[in-house]
Amino acid sequence: MGFARACSVALVGVEGVVVEVQADLEPGVAAFTLVGLPDKSLVESRDRVRAAVVNSGAEWPQKKLTVGLSPASVPKSGSGFDLAVACAVLGAAERIDPASVADVVMIGELGLDGRVRPVRGVLPAVLAAAEAGYEQVVVPEQTAGEAALVPGVSVLGVRSLRQLLAVLCDEPVPEEPYDGQGRPDAMLAGLMIPGTGLGAGLAPAGARSDGHRPDLADVAGQPRPRQALEVAAAGGHHLLFSGPPGAGKTMLAERLSSVLPPLTRQESLEVTAVHSVAGILPPGEPLVSRAPYCAPHHSATMQSLVGGGNGMPRPGAVSLAHRGVLFLDEAPEFSGKVLDALRQPLESGHVVVARAAGVVRLPARFLMVLAANPCPCGRHTLTGAGCECPPSVVRRYQARLSGPLLDRVDLRVEVEPVDRADLLGHGGRGESTAVVAARVRDARARAAERLADTPWTTNSEVPGHELRTRLLAAPGALAAAERDLERGALTARGLDRVLRVAWTVADLRGAGRPDASDVAVALELRTGVQRGVPMGAGQR
């Protein structure tokens, strides 16, 4: 009887579980049995592995073969187990030394000719292997850069099963010529899901094919919405733009991700792991360094927004926007169930999806931007524009954004139509993205220094109890906010969010703590009621 084992990783959401691939050979009628809760694509690996081993010059054992995937209670899916199954079988057949593969994690799909094809989710798989104590990982050559992002792990990138067998047997490594010069690499097809490019709203906002990056200076006028955008970026506050069509709501939202600071190393790994599992990670960019931008269509289902699908849930738009911007254009046109499903991730920073195949926890700490028209035709607030929507229709349209959802939005700004002077440039161009982004970085640095000994990094994450007991505003600064709370214009959650915005406004102007003017700016940005605050308040 021959026995050997290798290791691979099963992905559950964006987290990995190390799986031991065991191969057992016994005398009997030649058969190949795969056990351990595999899905359809994994069951088909029996034929792929057999053909790949034979076409790689190795002999397939003509015995009763049983391959077990342990732990058997964890669902396994995908084709990334092929490489580990092939090495375990060859180790049981004594084609290679079983000890050489016993503690090696192998991830990759095998083609019928023995080539190793890349699979999605390599980064979270290698992270799981490193956390489990494994030090050697074998991955397809195309994803070796992604796997090398994990410290403390020795990564071997191979192009074919023949090369891996030569390395394991201390033989000369054969050259595998690159096929298809001048054409797109067909081996990279498994990394990208069709339809998840920029047009689907699942890519960074600056990833334009012509190299042009949207700039805030392109936006004509709109001083108050621009100030709200800066406050949102500096403190991580959710934002609602409401106004008629063509006023610039979408232009402002598309430029928000460029204003956000670059991701830290830990944030980059989190975002890259999600994008790798979802299949939107560009093959030539193993590490995402800028805040992502995700703008799903208003016809998106709840599963596509929060995560789901057949079998184990896959990341949705809220997870693809993790550490970045989630923009919901025409927000009232989204389904009510879809919008209400955002309440949990807005508060907790993650989403828990329960399905028959299991429960998955997905990261979802994003900055949400909503854009809404005042009525179905969009002309309700325009003087002399001829809005024909009955009052009942306007009320019903505006009520699609529920009160509990809006209570979680810190900034609510009316976007007025652009006048002729601003549109033709007579009023001068506004500040560029680089200028605003520098102020945002300085404000975030002040917040990070203040919150250094806490588990929070931005003002939007600080609990209200901390703001009322430890991080106190100036004496008398909350008088106006307390009056609004007594009158019912603010909820308890709303008061906490006003305090958070006030701290962000104070950080932007370089103050040690917020005063009455900072609270007034925060109240105006939240309620839309003019407080007599100068337009430049909160900026240096």
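Residues numbered from 1 in each chain as written. Predicted model: local features only at pLDDT ≥ 70, side-chain atom pairs only at ≥ 80, totals over all residues. Heavy atoms only, no water.

Before going further, it helps to examine the packing of aromatic side chains. Inspection of the entire model under this criterion finds two aromatic pairs. Here the aromatic rings of phenylalanine 32 and tryptophan 60 are separated by 5.7 Å at their centres, their planes lie at 40°, and the arrangement is tilted. Of this pair, phenylalanine 32 sits in strand β3 (residues 31-35) while tryptophan 60 sits in the loop between α2 (45-55) and β4 (64-70), placing them 28 residues apart in sequence. Accessibility classification places phenylalanine 32 together with tryptophan 60 in one group, the buried group. (Phe/Tyr/Trp six-rings, centres within 6.5 Å; stacked < 30°, edge-to-face > 60°. Helix = DSSP H or I, 4+ residues; strand = E, 2+ residues; numbered from the N terminus. Buried < 20%, exposed > 50% of the residue type's maximum accessible area, 1.4 Å probe, protein only.)

The next point concerns the packing of helix α8 (residues 223-235) against helix α22 (residues 492-508). Running from N to C, α8 and α22 cross one another at 100°; their axes reach a closest spacing of 9 Å. As the angle between them shows, α8 and α22 are arranged roughly perpendicular. Only Val501, Thr504, Val505 and Leu508 of α22 make contact with α8, whose side of the interface consists of Glu230, Val231, Ala234 and Gly235. Within the contact of α8 with α22, the residues separate by chemical class into five nonpolar, two polar and one charged. (Axes fitted to C-alpha atoms, helices over the stretch in contact; angles between N-to-C directions. Parallel < 35°, antiparallel > 145°, perpendicular 65-115°, else oblique. Contact = heavy atoms within 4.5 Å. Nonpolar A, V, L, I, M, F, W, Y, C, P; charged D, E, K, R; others polar.)

Glancing now at the nonpolar core. Grouped burial of nonpolar side chains is what soluble globular proteins tend to show. Leu239, Phe241 and Val369 are the most contacted members of the largest nonpolar core, which totals 45 residues. If we skip the residues at most four places from it in the chain, valine 369 touches Leu239, Phe241, Ala253, Leu256, Val325, Leu326, Phe327 and Leu328. (Core = buried A, V, L, I, M, F, W, Y, C linked by side-chain atoms within 4.5 Å.)

A few words on helix α11 (residues 265-278). Counted at 1.5 Å a residue, the expected span for α11 with its 14 residues is 20 Å, and the 20 Å between its end C-alpha atoms agrees. Of all the 14 residues making up α11, 11 are buried; the element is thus mostly covered by neighbouring parts of the structure. Taken together, the buried positions of α11 are Glu267, Ser268, Leu269, Val271, Thr272, Ala273, Val274, His275, Ser276, Val277 and Ala278. (Expected span 1.5 Å × (residues − 1).)

This next bit is on the pattern of salt bridges. Within the structure shown, the criterion is met by 27 salt bridges. Residues glutamate 230 and arginine 439 are paired through a salt bridge, measuring 2.7 Å at the closest nitrogen-oxygen approach. Here arginine 439 lies in helix α19 (residues 433-450) and glutamate 230 lies in helix α8, a separation of 209 residues in the sequence. Each of the two residues, glutamate 230 as well as arginine 439, counts as buried. With a shortest N-O distance of 2.8 Å, aspartate 410 and arginine 497 are connected by a salt bridge. Pair noted here: aspartate 410 is in the loop between α17 (403-406) and β16 (411-414) and arginine 497 is in helix α22, with a separation of 87 residues, a long-range link. (Salt bridge = Lys/Arg side-chain N within 4 Å of Asp/Glu carboxyl O.)

This part is about the packing of helix α5 (residues 122-131) against α11. One can describe the packing of α5 onto α11 by two numbers: an axis separation of 7 Å at closest approach and a directional angle of 120°. Considering the angle they form, α5 stands oblique to α11. Residues Val122, Leu123 and Pro124 of α5 pack against Leu269, Thr272, Ala273, Ser276 and Val277 of α11. Along the lines of polarity and charge, the residues of the contact of α5 with α11 split into six nonpolar, two polar and no charged.

Here we come to helix α3 (residues 82-92). For α3, the tally of buried residues reaches 11 of 11 residues, placing the bulk of the element in the interior. Listed as buried for α3 are Asp82, Leu83, Ala84, Val85, Ala86, Cys87, Ala88, Val89, Leu90, Gly91 and Ala92. Looking one or two places after α3, you find glutamate 94, whose phi comes out positive at around 65°.

Attention now moves to unusual backbone geometry. Following serine 70, the chain continues to proline 71 via a peptide bond in cis, the omega torsion being 5°. In this fold, proline 71 is placed in the loop between β4 and α3. For glutamine 222, which is not glycine, the phi dihedral falls at a positive 55°. Of note in the backbone geometry, glutamate 330 takes a positive phi value of approximately 50° without being a glycine. Take glutamate 330: it is sitting in the loop between β12 (325-328) and α14 (336-340). Glutamate 330 sits in the partly exposed class, given a relative accessible area of 27%.

Read these as geometric descriptors, not functional statements.
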